[in-house]
Amino acid sequence: EWLEFRTSVEFQNKSLGFVPTMGALHEGHLSLMRRSINENDRTLVSIFVNPTQFNDLEDLEKYPRTYKADMEKLESIGVDYLLFPDYNELYNDNYNYVVHEKELSAKLCGAHRPGHFDGVLSVVMKLLNIADANKAYFGEKDYQQYLLIKGMVEAFFMHTEIIPCALIREDDGLAMSSRNALLTKEERKLAPNFFEHLSSSRSIDETSSRLIGQGFQIDYIEEIGSRRFGAVYLGKVRLIDNVKI
């Protein structure tokens, strides 16, 4: 239905911006949408909790789903269209065809979450092909994901321009994430220490030691190029962040 609508008179000489999401929308998502609204004639948002990028079924089941509140937020800021597919619509091949990147996807989150980026790249390629947008917007909170999607689009000669958008933080420095809602009150108080230590000038070993001392479980802290990347657990909640060195 969308593909037919996309070729209609509605879009004649009009630009389209696209923001793919997994819902549980927060200000970080909305900042991407506002930028799209400012830069394009029309804006499309998708909501789809993508099961193929979860290597932990429990994590998939507990991922927050707030569809009614999400749609109210989309309406309030002036998003034009919502794409809300189900699994069978997006994966009519039952995930037999997979997009796989061989180098960057094996590092950082990819090294700790087997198959994660295969799922991300596969679903994003599907969504970009369906949306057929001029520009698509991705937050820099998951900088590795942004680099992989940008590389995929260039490698396969896809015509949608991938636009990176600055990471949005809470007042206390914690990177905005849908997973933050899963933190207990005590964990939420501790969470900003992740960014504080990650962005310090201390060595990786000392940074890790301080985080462990405050109750964090380290998944990884690594430096690649001009960025320091980190992933930690607070209780059962996984948090990621990155900072320029």
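The preceding data block contains the structure.
Predicted model only: the values in this text are computed from it and were never measured.

1. Brief notes about the layout of surface pockets
Logical step 1: The calculated volume of the largest pocket comes to roughly 320 Å³.
Logical step 2: Broken down by secondary-structure element, the contributors of at least two residues to the lining of the largest pocket are helix H1 (2-6) and helix H5 (87-90).
Logical step 3: For the lining of the largest pocket, the residue count by class is 7 nonpolar, no polar and 2 charged.
Logical step 4: In terms of lining residues, the second largest pocket is bounded by 13 residues, among which Asp-56, Asp-59, Tyr-233, Lys-236 and Arg-238 are the most central.
Logical step 5: Considering every element that reaches the lining of the second largest pocket, the biggest residue donor is helix H3 (residues 57-62), with 3 residues.
Logical step 6: Its residues assigned to classes, the lining of the second largest pocket shows 2 nonpolar, 2 polar and 9 charged.

2. Looking at the pattern of salt bridges
Logical step 1: One pass over the full model with this rule turns up 17 salt bridges.
Logical step 2: Notably, a salt bridge pairs Lys-135 with Glu-39, separated by 3.7 Å at the nearest N-O pair. Of this pair, Lys-135 sits in strand E4 (residues 135-139) while Glu-39 sits in helix H2 (residues 27-39), and the two are 96 residues apart along the sequence.
Logical step 3: A relative accessible area of 23% places Lys-135 in the partly exposed class.

3. Looking at the packing of helix H7 (residues 116-131) against helix H8 (residues 143-155)
A pair of packed helices is captured by two measures, namely the crossing angle of their axes and the spacing between those axes.
Logical step 1: Where H7 meets H8, the axes come as close as 10 Å, and the angle between the chain directions of the two elements is 50°. Here H8 runs oblique to H7, going by the angle between their axes. The handedness of the crossing between H7 and H8 comes out as right-handed. Contact with H7, carried on its side by Phe-117, Val-120, Leu-121, Val-124, Met-125 and Leu-128, involves Gln-144, Gln-145, Leu-148, Ile-149, Met-152 and Val-153 of H8 and no other residues of that element.

Conventions we followed
- Residues numbered from 1 in each chain as written.
- Predicted model: local features only at pLDDT ≥ 70, side-chain atom pairs only at ≥ 80, totals over all residues.
- Heavy atoms only, no water.
- 1 Å grid on protein atoms, 1.4 Å probe; cavity = no way out; pocket = protein on both sides within 12 Å on 5 of 7 lines; lining within 4 Å.
- Points joined across faces, edges and corners; volume = space filled by probe spheres on them.
- Helix = DSSP H or I, 4+ residues; strand = E, 2+ residues; numbered from the N terminus.
- Nonpolar A, V, L, I, M, F, W, Y, C, P; charged D, E, K, R; others polar.
- Salt bridge = Lys/Arg side-chain N within 4 Å of Asp/Glu carboxyl O.
- Buried < 20%, exposed > 50% of the residue type's maximum accessible area, 1.4 Å probe, protein only.
- Axes fitted to C-alpha atoms, helices over the stretch in contact; angles between N-to-C directions.
- Parallel < 35°, antiparallel > 145°, perpendicular 65-115°, else oblique.
- Left-handed = near helix turned anticlockwise from the far one by under 90°.
- Contact = heavy atoms within 4.5 Å.

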